[in-house]
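Tertiary structure, described
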Amino acid sequence: MSETIEYTSANGYKGVLYGRSSLVIYNPDGTMSLHTGRRSINSYEELVKLVDDHPSFIEMLRSARTKE
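Computed from a prediction, not measured in an experiment: that's the story for all the values here.

Quick notes on the rules
Residues numbered from 1 in each chain as written. Predicted model: local features only at pLDDT ≥ 70, side-chain atom pairs only at ≥ 80, totals over all residues. Heavy atoms only, no water. Pairing = 2+ DSSP bridges. Helix = DSSP H or I, 4+ residues; strand = E, 2+ residues; numbered from the N terminus. Phe/Tyr/Trp six-rings, centres within 6.5 Å; stacked < 30°, edge-to-face > 60°. Buried < 20%, exposed > 50% of the residue type's maximum accessible area, 1.4 Å probe, protein only. Axes fitted to C-alpha atoms, helices over the stretch in contact; angles between N-to-C directions. Contact = heavy atoms within 4.5 Å. Patch = residues over 30% accessible without salt bridge, like charges linked within 9 Å, V, L, I, M, F, W, Y side chains within 5 Å. Areas by Shrake-Rupley, 256 points an atom, 1.4 Å probe, with all protein chains shown as cover. Salt bridge = Lys/Arg side-chain N within 4 Å of Asp/Glu carboxyl O. Core = buried A, V, L, I, M, F, W, Y, C linked by side-chain atoms within 4.5 Å.

Observations regarding the pairing of strand E4 (residues 32-36)
Pairing of strand E3 (residues 22-26) with E4, which is carried by four bridges, proceeds in the antiparallel orientation. Of the residues in E4, the one forming a bridge with Ile-25 is Leu-34. With antiparallel pairing between neighbouring strands as the criterion, E3 and E4 make up a hairpin whose turn holds five residues, including Gly-30 at a positive phi of roughly 95 degrees.

Put into structure tokens, the structure is as follows:
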């Protein structure tokens, strides 16, 4: 896959699939929240789900950290 696929969720997060395996998710303020050079998703539909669920993922990470 060499095309770029972008999606901005109603929650303000923006996801971008680019290159053969890169993925980036931006916070609503435009700062980077997640970046990876390896991904398992490749379609717009998968990106929509990932970006829409991203706030829950971040909250899960934060709550796991506070339990330590």
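A look at the packing of aromatic side chains
Taken as a whole and judged by the stated rule, the model has one aromatic pair. Ring centres 5.8 Å apart and planes at 90 degrees place the aromatic pair Tyr-7 and Tyr-44 in the edge-to-face group. One end of the pair, Tyr-7, is in strand E1 (residues 5-8); the other, Tyr-44, is in helix H1 (residues 44-66), and 37 residues separate them in sequence. Looking at Tyr-44, the relative accessible area reads 39%, which means it is partly exposed.

Describing the sheet that holds E3
Within the open sheet, the four strands sit side by side as E1-E2-E3-E4. Their pairing is antiparallel. Unpaired on one side and paired on the other, E1 and E4 mark the two borders of the sheet. Shown here is a sheet whose adjacent strand axes are inclined to one another by a mean of 10 degrees, direction ignored. Strands in contact with H1 are E1, strand E2 (14-18), E3 and E4; relative to E1, the strand with the most contacts, it is inclined by about 45 degrees.

Examining a nonpolar patch on the surface
Taken together, the side chains of Phe-57, Met-60 and Leu-61 define a hydrophobic patch exposed on the protein surface, amounting to about 270 Å² of accessible area. Looking at the element boundaries, Met-60 is found in helix H1.

Topic: the nonpolar core
Of all hydrophobic cores here, the largest spans 10 residues; its members are Ile-5, Tyr-7, Tyr-13, Leu-17, Leu-23, Ile-25, Ile-41, Leu-47, Val-48 and Val-51. Setting aside chain neighbours within four positions, we find Leu-23 in contact with Val-16, Leu-17, Tyr-18, Leu-34, His-35, Thr-36, Arg-39, Leu-47 and Leu-50.

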